[in-house]
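# Reading the structure
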Amino acid sequence: MQAIRCPRAASNGSNKREFSSNSGPVQSFQALFQGSGGSTTPRLASLRFSIVRAVEYGQKLRLVGRPECLGAWDAEQGPDMKWHEGHKWTAYAELAAGSHEFKFVVVHRSGEMEWEPGNNRTLEVPATAAEMQVAGQWGETGDTETLEARPRVLIQLTVP
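Below, the structure is looked at part by part.

Calculation rules
- Residues numbered from 1 in each chain as written.
- Predicted model: local features only at pLDDT ≥ 70, side-chain atom pairs only at ≥ 80, totals over all residues.
- Heavy atoms only, no water.
- Core = buried A, V, L, I, M, F, W, Y, C linked by side-chain atoms within 4.5 Å.
- Buried < 20%, exposed > 50% of the residue type's maximum accessible area, 1.4 Å probe, protein only.
- Helix = DSSP H or I, 4+ residues; strand = E, 2+ residues; numbered from the N terminus.
- Contact = heavy atoms within 4.5 Å.
- Phe/Tyr/Trp six-rings, centres within 6.5 Å; stacked < 30°, edge-to-face > 60°.
- Salt bridge = Lys/Arg side-chain N within 4 Å of Asp/Glu carboxyl O.

## As for the nonpolar core
If you look at the biggest cluster of nonpolar residues, it comprises 23 residues, and the most contacted ones within it are Leu 47, Phe 49, Leu 63, Met 81, Phe 102 and Leu 123. Secondary structure elements with two or more residues in this core: strand S3 (44-52), strand S4 (60-65), strand S6 (88-96), strand S7 (98-107), strand S9 (121-125) and strand S10 (129-137). Setting aside anything within four residues of it in sequence, one finds Leu 63 in contact with Phe 49, Leu 70, Gly 78, Pro 79, Met 81, Ala 91, Phe 102, Lys 103 and Phe 104.

Have a look at this one:
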């Protein structure tokens, strides 16, 4: 299953860059390769979302949330999750660092959407994350488990 790319970070009203360039001989790897222009491409973390939920044959789960790649809260636009043995459902997304809200939705054969009960789930993606796993139980929205599986490595280079 291919990851859904969501390059925009959650909006917090700030347009600050994710790195700083030193005026001395040591610059960050990112500063060297992203340039000094006003626009930067946010670093994305690969996330694996999973939940266990038994549904009837022909029904499916969908991942829906605030980021545009998760449907921007439109349940018809969120990515479908993939079923695995044991009623485990998974979806993959690439999200920028920041705070993201999401929920799981059951899509019935009739097209009716059954939203997960409870508050929205909140996920903090640290700027240091390269890969994360996100797991939860249906309806237990306050108990979302996250695991930073592989941190991002920052390489410092010496420039003559």
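Read on, since the account is not over.
## Here we look at the environment of Glu 116
Here Glu 116 shows up in the loop between strand S8 (113-115) and S9. Residue classification places Glu 116 among the buried positions, given a relative accessible area of 1%. In this structure the C-alpha to C-alpha distance between Glu 116 and Thr 141, which are 25 residues apart in sequence, comes to 8.2 Å. Contacts of Glu 116, omitting those with residues within four sequence positions, involve Ile 51, Lys 103, Phe 104, Arg 121, Gln 137, Trp 138, Gly 139, Glu 140 and Thr 141.

## Some words on the environment of Lys 88
Tracing the sequence through the fold places Lys 88 in strand S6. A relative accessible area of 32% places Lys 88 in the partly exposed class. A C-alpha to C-alpha distance of 4.4 Å links Lys 88 and Val 52, two positions 36 residues apart in sequence. In this structure Lys 88 touches Arg 48, Ser 50, Ile 51, Val 52, Lys 82 and Trp 83, once residues within four positions along its chain are discounted.

## Comments concerning the environment of Leu 61
Tracing the chain through its elements places Leu 61 in strand S4. Judged by relative accessible area, Leu 61 falls into the buried class, the value being 0%. The spatial distance from the C-alpha of Leu 61 to the C-alpha of Thr 90 is 8.9 Å, given a sequence separation of 29 residues. Beyond its immediate stretch of four places on either side in the chain, Leu 61 contacts Ile 51, Arg 53, Val 55, Asp 80, Met 81, Trp 89, Val 105 and Val 106.

## Quick notes on the packing of aromatic side chains
This structure, assessed with the given rule, holds three aromatic pairs. Between the aromatic rings of Phe 49 and Phe 102, the centroid separation amounts to 5.2 Å while the plane-to-plane angle is 70°, which identifies the pairing as edge-to-face. A residue pair is termed long-range when its members are at least 10 positions apart, and Phe 49 in strand S3 and Phe 102 in strand S7 qualify at 53 residues. Using a relative accessible area of 1% as the deciding quantity, one classes Phe 102 as buried. Taking 5.7 Å as the distance between ring centres and 85° as the angle between the ring planes, the aromatic pair formed by Phe 102 and Phe 104 counts as edge-to-face.

## Digging into the pattern of salt bridges
Pairing between side chains of opposite charge can happen when their charged atoms approach one another. Scanning the entire structure with this criterion turns up six salt bridges. In this structure, the salt-bridge partner of Glu 56 is Arg 109, at a minimum N-O distance of 3.0 Å. With Glu 56 in the loop between S3 and S4 and Arg 109 in the loop between S7 and S8, this residue pair connects regions lying 53 residues apart in the sequence. For Glu 56, a relative accessible area of 49% translates into the label partly exposed. What makes Arg 109 exposed here is its relative accessible area of 55%. Residues Arg 66 and Glu 101 are paired through a salt bridge, measuring 3.9 Å at the closest nitrogen-oxygen approach. Placement of Arg 66 in the loop between S4 and strand S5 (82-84) and of Glu 101 in strand S7 is noted, with a sequence separation of 35 residues between them. Overall, the relative accessible area of 25% leaves Glu 101 in the partly exposed class.

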